Amino acid sequence: MSPICIYLFGCLAVIFLSHHRLLYSVAAVDFLYNGFQHAAHLSLDGSASILRGGALQLTNDSNNLMGHAFFDSPVRALSGNNAVVSFSTAFVFDIVTVGHSGGHGLAFVVAASKVLPGARAEQYLGLLGKNNLGNSSNHVFAVEFDTVQANGLLNETNGNHVGVDLNSLVSNVSEPAAYFTDDDGKNISVTLESAQRIQAWVDYDGSTKVLNVTIAPVSWQAGRPHRPLISHVIDLVPIFKQDMYVGFSAATGKLASSHYILAWSFRTGGEAQAIDLSRLPNVPKPPAPPPSMSTVIKIVAVSCVATLTTIVLAIASALWLRRRAILAETLEEWERDHPHRLPYKQLYKATKGFNNSELLGAGGFGQVYRGVLRRRRSGEVVVAIKRISSNGTQGMREFVAEVASLGRMRHRHLVELRGWCKRGQDLLLVYEFMPNGSLDAHLFGRAGTTGKPPALLAWEQRAMILRGVASGLVYLHEEWEQVVVHRDVKASNVLLGADLGPRLGDFGLARLYEHGADPTTTRIVGTLGYMAPELTVTARATKATDVFAFGALLLEVVCGRRPIDPVSGVNLLRWVRDLGARGDLVRAVDERLNGRYDMEEAKLLLWLGLMCSQTRPEARPSIRQVCQYLDGEMEMQEAAVLVFSDVVSSFDFGSLPPTLTWSTCNTMSVGSLHSGR
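Values in this document were obtained by computation on a predicted structure and should not be read as measured data.

Conventions adopted
- Residues numbered from 1 in each chain as written.
- Predicted model: local features only at pLDDT ≥ 70, side-chain atom pairs only at ≥ 80, totals over all residues.
- Heavy atoms only, no water.
- Helix = DSSP H or I, 4+ residues; strand = E, 2+ residues; numbered from the N terminus.
- Buried < 20%, exposed > 50% of the residue type's maximum accessible area, 1.4 Å probe, protein only.
- Contact = heavy atoms within 4.5 Å.
- 1 Å grid on protein atoms, 1.4 Å probe; cavity = no way out; pocket = protein on both sides within 12 Å on 5 of 7 lines; lining within 4 Å.
- Points joined across faces, edges and corners; volume = space filled by probe spheres on them.
- Patch = residues over 30% accessible without salt bridge, like charges linked within 9 Å, V, L, I, M, F, W, Y side chains within 5 Å.
- Areas by Shrake-Rupley, 256 points an atom, 1.4 Å probe, with all protein chains shown as cover.
- Salt bridge = Lys/Arg side-chain N within 4 Å of Asp/Glu carboxyl O.
- Axes fitted to C-alpha atoms, helices over the stretch in contact; angles between N-to-C directions.
- Parallel < 35°, antiparallel > 145°, perpendicular 65-115°, else oblique.
- Polar contact = N/O pair within 3.5 Å; in protein donor to acceptor, adjacent residues only side chain to side chain.
- Pairing = 2+ DSSP bridges.
- UniProt positions renumbered as here; feature names shortened; annotations may be inferred.

**Some details on the overall build of the chain**
- Each helix and strand in the chain was counted, giving 14 helices and 29 strands.
- Counting every position in the chain, which comprises 677 residues, the buried fraction comes to 47%.
- Contacts in the chain between residues at least 24 apart in sequence constitute 66% of all its contacts with a sequence separation of at least 6.

**Let's talk about empty space enclosed by the protein**
- All told, the structure shown has 3 cavities of 30 Å³ or more when counted by the stated rule.
- Its boundaries defined by the atoms lining it, the second largest cavity holds a volume of some 70 Å³.
- Every residue along the wall of the second largest cavity is listed here: V75, R76, A77, V85, F87, V110, F240, M244, V246, F266 and T268.
- Of all the secondary-structure elements, those providing two or more residues to the lining of the second largest cavity are β6 (75-76), β17 (243-251) and β18 (258-268).

**Describing unusual backbone geometry**
- Across the junction of G103 and H104, the peptide omega takes the value 0°, indicating a cis bond.
- By the element assignment, H104 lies in the loop between β7 (87-96) and β8 (105-111).
- Backbone geometry at F354 places phi at a positive 55°, although glycine is not the residue there.
- Relative to the helices and strands, F354 resides in the loop between α4 (344-350) and β19 (359-363).
- The phi angle at N594 is positive, at roughly 55°, despite the residue not being glycine.
- Residue class for N594 comes out exposed when judged on its relative accessible area of 57%.

**Quick word on the environment of L414**
- With respect to the helices, strands and loops of the structure, L414 is situated in the loop between α5 (396-406) and β22 (417-423).
- Not counting the four nearest positions on each side in its chain, L414 is found in contact with M409, E432, G472, Y475, L476, R503, L504 and F507.

**What to know about a nonpolar patch on the surface**
- Together, M293, V296, I297, V300, L308 and V312 make up an exposed nonpolar region whose accessible area comes to about 510 Å².
- When contributions to the nonpolar patch are tallied by element, the ones reaching two or more residues are α2 (293-303) and α3 (305-327).
- Considering each element in turn, the nonpolar patch owes the most residues, 4 residues, to α2.
- By the element assignment, V312 lies in helix α3.

**Things to note about the pattern of salt bridges**
- Scanning the entire structure with this criterion turns up 22 salt bridges.
- Here the residues in one salt-bridge network are D203, R224 and E271, joined through shared partners.

**Observations concerning the packing of helix α11 (residues 599-612) against helix α12 (residues 623-630)**
- The interhelical angle for the contact between α11 and α12, taken along N-to-C directions, is 170°, at an axis separation of 11 Å. In terms of orientation, α11 and α12 fall into the roughly antiparallel class. Contacts from L604, L605, W607, L608 and C612 of α11 reach α12 at V626, Y629 and L630.

**A closer look at the environment of S278**
- Among the secondary structure elements, S278 is positioned in the loop between β18 and α2.
- Distance from S278 to N34, taken between C-alpha atoms, is 9.3 Å for residues 244 residues apart in sequence.
- Of note is the side chain of S278, whose polar atom sits 2.5 Å from the side chain of D276.

**Re the pairing of strand β4 (residues 56-59)**
- Relative to β4, strand β3 (residues 49-50) is paired through 2 bridges, and the arrangement is antiparallel. Residue I50 lies in a different strand from β4, and its bridge partner there is L56.

**Here we look at the UniProt feature "binding site: ATP" (unreviewed entry) in the chain**
- Mapped onto this numbering, the UniProt entry annotates "binding site: ATP" (unreviewed entry) at K386.
- Within the fold, K386 resides in strand β21 (residues 379-389).
- Judged by its relative accessible area of 8%, K386 is buried.

**What to know about the side chain of N34**
- Relative to the helices and strands, N34 is located in the loop between β1 (30-33) and β2 (42-46).
- Within the local environment of N34, its side chain forms a polar contact with the backbone nitrogen of D276, the two atoms lying 3.0 Å apart.
- Not counting the four nearest positions on each side in its chain, N34 is found in contact with L262, A263, I275, D276 and R279.

**As for the pairing of strand β11 (residues 173-176)**
- Bridge analysis of strand β10 (residues 161-166) against β11 gives 4 bridges, and the strand direction is antiparallel. Paired with V164 across the bridge in β11 is V173.
- In sequence, β10 turns back onto β11 through a hairpin of 6 residues, with N167 there showing a positive phi of about 60°.

See below:
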C-alpha cells in the first residue's frame, strides 16, 4: 500500500472516530420509573424521601419545607452546534392537603446543578430565592404547578395554575390548571391539590423552540389530550448549559401540602416512554375529614349537654374567682388612717387591667399608665397612675404616710396628687393627667401622648416654665407646713398642661421634715447629672440638693442639652463653665433657637444655673433667691465668685470616698460671665 493510501486511510479513521465521539456525546437519555421503590440513580435532598410503598415524597404537610429529587447524571442539553436538544418528559403527581387550603406547589426542573443556591420555601418553590430572582447566572428552567397565588408579584393567574419559569419565579406564561377534551375542545378545570393523581407531559422541540405542557387526571380515560394547555415559543439556549440536571422541586410555607411524584419518564431526542398507570404506587391516606357540623350538634345534644354545662359553669366560676383574687384587697389597720386612698379595683378598671395600650412611660422607679376614673358627680376624669414596686429597703408604712401627706398640697405649679393605693408590695400614685407630656419630650423631640414629636419650645416658653418650676420648689421648701425635698427634680418630671404651664410632679422619692429641723440620712437616689456631689458623702437630701438639681435643669432648658450626654458623655455643667471662663457664655444657648432669644435673660439664666451648681452647698442660693433673680427683684453681683471643685467635678458617683476635700477649687467671677457675647 502506497504512503498516500495509508495517509488517506488514517484521515478517514480520525473523522470516523470524531463523528462517533460526537454521536456518543449527544446520545439520547432515556429512563422510566414506574414507581420509585428500589429506584437507582436518584439524588434526594431536603425533605424528599422515598416511601415504603414506592412513592417519591418531596414534602409532607409540615410548614416551610423544601424537597428536591434529581436524576443523578447530567443530561446533554446543547448539541455540537449550540442548539438545544429536544426533550420529552411525563410524570404523575399527587398533591394532598389536609383541611381547606394548602401550599405552595411543585415544579419540574432543568438546572445546571443539583444544588439550587439561594433557594427558599414558600412561593419560591425551592427553586430560587428573593435575592437571585431573574439572575441570568441561575440557569434554571421550570414548569411549576402552583396552588397559592403570590399576590400578583409573580405573574400568576390564580391560586391553581401551571406556569413556565426562566431563571425566575415571574412566569413567562401562566395558565389556570385545566385540560381540553378531544371531541369538542371544552376546557375542563383541574384542581391541583385535590388529592387526585394527575399526569403531566412537558415536550420541547429544539428545532422549532416550541414548548408544550399538557395535564389531565389519571382518571380521564382518553389518555393524553391532543391540545396542550400551554404551547409557547421559548428559546432555551441562554438558559441551558451543555450539561443540565433534570428533576423536581417542591416547597411549603405557612400553608402546607404533601407533594408526591408517583412515576416519571424522560427522554432526549424523542418522545418519553408511556407510564404504566396500573403500577402507580399509593400515597398515604389523609386523615378522615371531621364529622359534619350537623352530626357534631346531634352528638353534643344527645350525649354531652350535661358535661358541657358543667364545663361552662366551671370556667365561669374559675374566671369569677380569678377576677376576685386579682381585685381582692387586704387592708392593714394603719392604712385606714391616711386620706386619699383609692380602691385597687377602681384603678385596675381605670387602666384596663394595667394594659400596655395605656402605658405612658416607664423608668427606673416604675411605670406610668393613663387611666379614666368614673365619678358619679364629675363623670369621667383622666388621670396618670404611677405603679411603684417596693424592694423592701424602706418601710411601706412610712412611705405611704409621707405620700398621703403630700396629697394635701395645692399649688398651681405642682402636679396634684389625687390619691394613692397600696396592694402587697406595689404602691400606686394617682396624679392629675397632663396632656402635653413632659418637658423632656419637648426639649429632645420624643413622641408624647399623641404619638407625634412635640414642637420645639420658644425662648419665652422656656423662661416661663423655669419660673413656674422655681415657684413650685419655693412652695415645697418654705411655704408648706413641712419642708418637702423633692429629690428628683429633672426635665422628665416637669409636666406641661394644655397651656404649656409647668407642673413639677412625681413625688415618689420626696422626703419631708419639720421647718428648722435637720434632714435625716437616707439611701442615695436620683438621676446622674442632677445629683449634688455632697450626696455621695452625707447621704442627706436637703433643700440645697434640690437647688443643685434645679441648676442642672436651668442649664438643660437653656442649652437644649442633657446634663450628661448619653452618646458623647459630655458634662453640661463643665461645658458651660468652660465657655463662661472664656467669655463666650451665650454660645451655650440652644442653637436650634436660631438666635431668637433675649441675650440678657439668657446670661441671667446661665449664671443662675452655674450658681445653683456650685460644689459647696452653702455657696448655692436658696430657691427663693433664685425666684427673686428670675423676677428681677435681685441683680447679679459683679463681685460674686462661683466656686467649683475639680475633685468633685471629676468624681465617680459610683464610689463613696471616706472624705471629700474642698481645698482645690476653680473660681469664676460674674464679671467674666458678663464679658460674653
